[in-house]
Amino acid sequence: MSETRRLVIGNKNWSSWSLRPWLALRMAGIPFEEVMVRLRQPDTAEQIARHSPTGKIPVLIERGVVIAESLAICEWAAEFVPEAGLWPDDPLARAVARAAAAEMHAGFMPLRRDLPMEIAARHPLPDSPEAAANIARVLDLWRQLRATYGQGGDFLFGRFGVVDAMFAPVVTRFTTYGVALDPVTAAYVHAVEALPAMQDWAAAARAEAG
């Protein structure tokens, strides 16, 4: 393993943005040193600033270069190990996958606000019309992608890719808050949660929560 490659992340129980590149790197078979910054502590900002010029995590440090953005780290992983197939081979499918990843990256703010990631907990689904609209859009998108591009595998575009890493925290949220799923979306949630890497992350999240 390169001694200079480090992924700086937050708590695994809470940090949805950390999960995304961590999972992409694991699924691509890219070795890295994991550096944990404890969130919601008096010195959290100070600790993050030691690693990140943006004051946010996660960041990937590769040969002294800081990549300070989750989707950018995932893109780097896809290019660093192209044989991992983190984007679809077909250019049109790849564009659709990038659009879905970008939609997750930039949108769904009520869902993030009202259903924060907390893997180790179980909560009732909040009464939030805005979050409900987001949930409906996510489920509809998953169904569309599985029907159109999901042949040959269990993930949104068949094999696991960046778009699945981007939606992985939403998968955990739907479990935490007991979101009702149909057979297609339930099978997708199960496929993501059954990944050994996801099971490792979830076990660490539960250990954090005590």
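Look up: the structure comes first, before these words.
Model, not experiment: these values are computed from the prediction.

A. How the structure looks around the packing of aromatic side chains. This model, assessed by the stated rule, comprises seven aromatic pairs. For the ring pair W22 and W201, a centre distance of 5.0 Å and an interplane angle of 65 degrees mean the geometry is edge-to-face. Note that W22 is positioned in helix α1 (residues 16-28) and W201 in helix α9 (residues 196-209), a separation of 179 residues in sequence. A relative accessible area of 2% places W22 in the buried class. Accessibility expressed as a relative area gives 0% for W201, which makes it buried. Measuring from centroid to centroid gives 4.9 Å for W142 and Y188, while their planes differ by 65 degrees, and the two rings are edge-to-face.

B. View of the sheet that holds strand β2 (residues 33-36). In spatial order, the strands read β2-β1-β3-β4; together these four strands make up an open sheet with mixed pairing. Unpaired on one side and paired on the other, β2 and β4 (65-67) mark the two borders of the sheet. Going across the sheet, the axis of each strand differs from the next one's by a mean of 20 degrees, ignoring polarity. Looking at chain direction, strand β3 (residues 59-62) and β4 are connected through three bridges and run antiparallel. The partner of E62 across the bridge, within β4, is V65. Most of the contacts of α1 go to strand β1 (residues 6-9), to which it runs at about 150 degrees, and overall it touches β1, β2 and β3. Along the sheet face, helix α3 (residues 70-80) touches β1, β3 and β4 and points at about 40 degrees away from the line of β3.

C. Main features of helix α6 (residues 129-149). Given a rise of 1.5 Å per residue, 21 residues ought to cover 30 Å, and the 30 Å separating the end C-alpha atoms of α6 matches this to within 8%. Taken as a whole, α6 has its buried residues at A131, N134, I135, V138, L139, L141, W142 and L145. Buried residues of α6, viewed axially, fall in a sector of 160 degrees; they line one side. Of the residues in α6, the exposed ones pointing more than 90 degrees away from the buried face are P129 and A147. For α6, the elements touching its buried residues are α4 (91-106), α5 (109-114), α7 (162-176) and α8 (183-193).

D. Representation of the side chain of S70 in the model. Tracing the sequence through the fold places S70 in helix α3. A distance of 2.9 Å separates a polar side-chain atom of S70 from the backbone oxygen of W17.

Basis of the calculations
- Residues numbered from 1 in each chain as written.
- Predicted model: local features only at pLDDT ≥ 70, side-chain atom pairs only at ≥ 80, totals over all residues.
- Heavy atoms only, no water.
- Phe/Tyr/Trp six-rings, centres within 6.5 Å; stacked < 30°, edge-to-face > 60°.
- Helix = DSSP H or I, 4+ residues; strand = E, 2+ residues; numbered from the N terminus.
- Buried < 20%, exposed > 50% of the residue type's maximum accessible area, 1.4 Å probe, protein only.
- Pairing = 2+ DSSP bridges.
- Axes fitted to C-alpha atoms, helices over the stretch in contact; angles between N-to-C directions.
- Contact = heavy atoms within 4.5 Å.
- Expected span 1.5 Å × (residues − 1).
- Arc of directions from axis to C-beta.
- Polar contact = N/O pair within 3.5 Å; in protein donor to acceptor, adjacent residues only side chain to side chain.

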